[in-house]
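# Coordinate analysis (summary)
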Amino acid sequence: ILNVEQSPQSLHVQEGDSTNFTCSFPSSNFYALHWYRWETAKSPEALFVMTLNGDEKKKGRISATLNTKEGYSYLYIKGSQPEDSATYLCASPHSGNTGKLIFGQGTTLQVKP
Amino acid sequence: DAGVTQSPTHLIKTRGQQVTLRCSPISGHKSVSWYQQVLGQGPQFIFQYYEKEERGRGNFPDRFSARQFPNYSSELNVNALLLGDSALYLCASSLGGSREGRNEQFFGPGTRLTVL
């Protein structure tokens, strides 16, 4: 059974702090790893789809790395801003050719001005 | 471009009733997936449809069913509602195809279902 875990469950930081959180997934039969940002009252928004070991992707102040051999991905936010406050979800497909994403429980980030 | 749309936004039903939720994908997307999200958990996969055929089903009872129409829109039906069906129901669309697991999924705003 594919199990995706995220830590920490929640995080409170001050504006300007850099932060990171973790997504763990089974390293066997890895196919892809998705990161989403979900702001309150909005739809989940895709940040990255990562597929290769050692992948590093960046979007503005947010970046992510992938280690498929040990089964983890890190999401980094540099210089957090209040607008970064959201729940960050990672997900892995159950198998390659389906859209069945198995989500972690999410990390809720609160950035205080 | 219009994103994924869902209707209704909110819904209140009583136990034992039936409900139909609707989703319109992004133009050009042929795959629609449904997820259930309860507070404190990540979305749980319910169904995926691609080209009007069921591609995947999650661990949900037979009270849950879905279909996809020729225009790729989709409906999720839940019969004999239970209190535990109260949740946010999300629809996501994607291009579909053989590398579906690597395709970005675009989510709608969800339908908030409350069962009393």
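Note: the structure precedes this text.
Presented here is an overview of the structure given in this document. (Residues numbered from 1 in each chain as written. Chains lettered and ligands numbered in written order. Predicted model: local features only at pLDDT ≥ 70, side-chain atom pairs only at ≥ 80, totals over all residues. Heavy atoms only, no water.)

A tally of regular secondary structure across chain B gives zero helices and 11 strands. Seen in sequence order, chain B has helices and strands lined up from the N terminus as β-β-β-β-β-β-β-β-β-β-β. Here the C-alpha atoms of chain B give a radius of gyration of 13 Å, agreeing with the 13 Å that 2.2 N^0.38 yields for 116 residues. Expressed as lengths along the three principal axes of its C-alpha atoms, the size of chain B is roughly 40 × 30 × 30 Å. In chain B, which comprises 116 residues, the share counted as buried stands at 52%. For chain B, the proportion of contacts with a sequence separation of at least 24, taken over those separated by at least 6, is 55%. Total accessible area on chain B is roughly 5,600 Å²; 47% of this is exposed by carbon and sulfur atoms. Both charge centroids of chain B, one from 12 positive and one from 9 negative side chains, sit 4 Å from each other. (Helix = DSSP H or I, 4+ residues; strand = E, 2+ residues; numbered from the N terminus. Rg over C-alpha atoms; globule rule 2.2 N^0.38 Å. Buried < 20%, exposed > 50% of the residue type's maximum accessible area, 1.4 Å probe, protein only. Contact = heavy atoms within 4.5 Å. Areas by Shrake-Rupley, 256 points an atom, 1.4 Å probe, with all protein chains shown as cover. Lys, Arg positive; Asp, Glu negative; His and termini not counted. Charge placed at Lys NZ, Arg CZ, Asp CG, Glu CD.)

Moving on, we come to the pairing of strand 3 (residues 19-24) of chain B. Residues and elements named next belong to chain B. For strand 1 (residues 5-7) and strand 3, the ladder comprises three bridges, and the chain directions are antiparallel. Looking across to strand 3, one finds that S7 is bridged to R22. Two strands pair when backbone bridges link them, and strand 3 and strand 8 (residues 74-78) are joined in this way by five bridges, in the antiparallel orientation. Its bridge partner lying in strand 8, T20 is registered against N77. (Pairing = 2+ DSSP bridges.)

Residues and elements named next belong to chain A. Read from one edge of the open sheet, five strands run 1-3-8-7-6, paired in antiparallel fashion. Every interior strand has two partners, whereas the edge strands, strand 1 (5-7) and strand 6 (56-59), have only one. Averaged over all neighbouring strand pairs, the angle between strand axes comes to 15 degrees, with direction disregarded. In this structure, strand 1 lies alongside strand 3 (residues 19-24), joined through three bridges in antiparallel fashion. Within strand 3, the position partnered with Q6 by the bridge is C23. (Axes fitted to C-alpha atoms, helices over the stretch in contact; angles between N-to-C directions.)

Below, the discussion takes up the environment of F107 of chain B. Residue and element names in this part refer to chain B. Residue position: F107 is located in strand 10 (residues 106-107). Owing to a relative accessible area of 7%, F107 belongs among the buried residues under this scheme. Sequence separation of F107 and V32 is 75 residues, and the distance between their C-alpha atoms is 9.6 Å.

Taken as a whole and assessed by the stated rule, the structure comprises 12 aromatic pairs over all chains. When the centroid spacing of 5.6 Å and the interplanar angle of 90 degrees are considered together, the rings of F103 of chain A and Y35 of chain B count as edge-to-face. Linking F103 of chain A in strand 10 (residues 101-103) with Y35 of chain B in strand 4 (residues 31-37), this pair reaches from one chain into another. As far as burial versus exposure is concerned, F103 of chain A and Y35 of chain B are alike and both buried. Summarising the aromatic geometry, the rings of Y35 of chain B and F45 of chain B are spaced 5.8 Å apart at their centres and angled 75 degrees between planes, so their arrangement reads as edge-to-face. With a gap of 10 residues between them, Y35 of chain B in strand 4 and F45 of chain B in strand 5 (residues 44-50) connect regions that are remote in the sequence. Relative accessible area serves as the criterion here: at 0%, Y35 of chain B is assigned to the buried category. On the accessibility criterion, F45 of chain B (6% relative accessible area) is buried. Linked through ring pairs, Y36 and F103 of chain A together with Y35, F45 and F107 of chain B together constitute an aromatic cluster. It is R102 of chain B that lies over the ring of Y31 of chain A; its NZ or CZ is 4.2 Å from the centre. (Phe/Tyr/Trp six-rings, centres within 6.5 Å; stacked < 30°, edge-to-face > 60°. Lys NZ or Arg CZ within 6 Å of the ring centre and 35° of its normal.)

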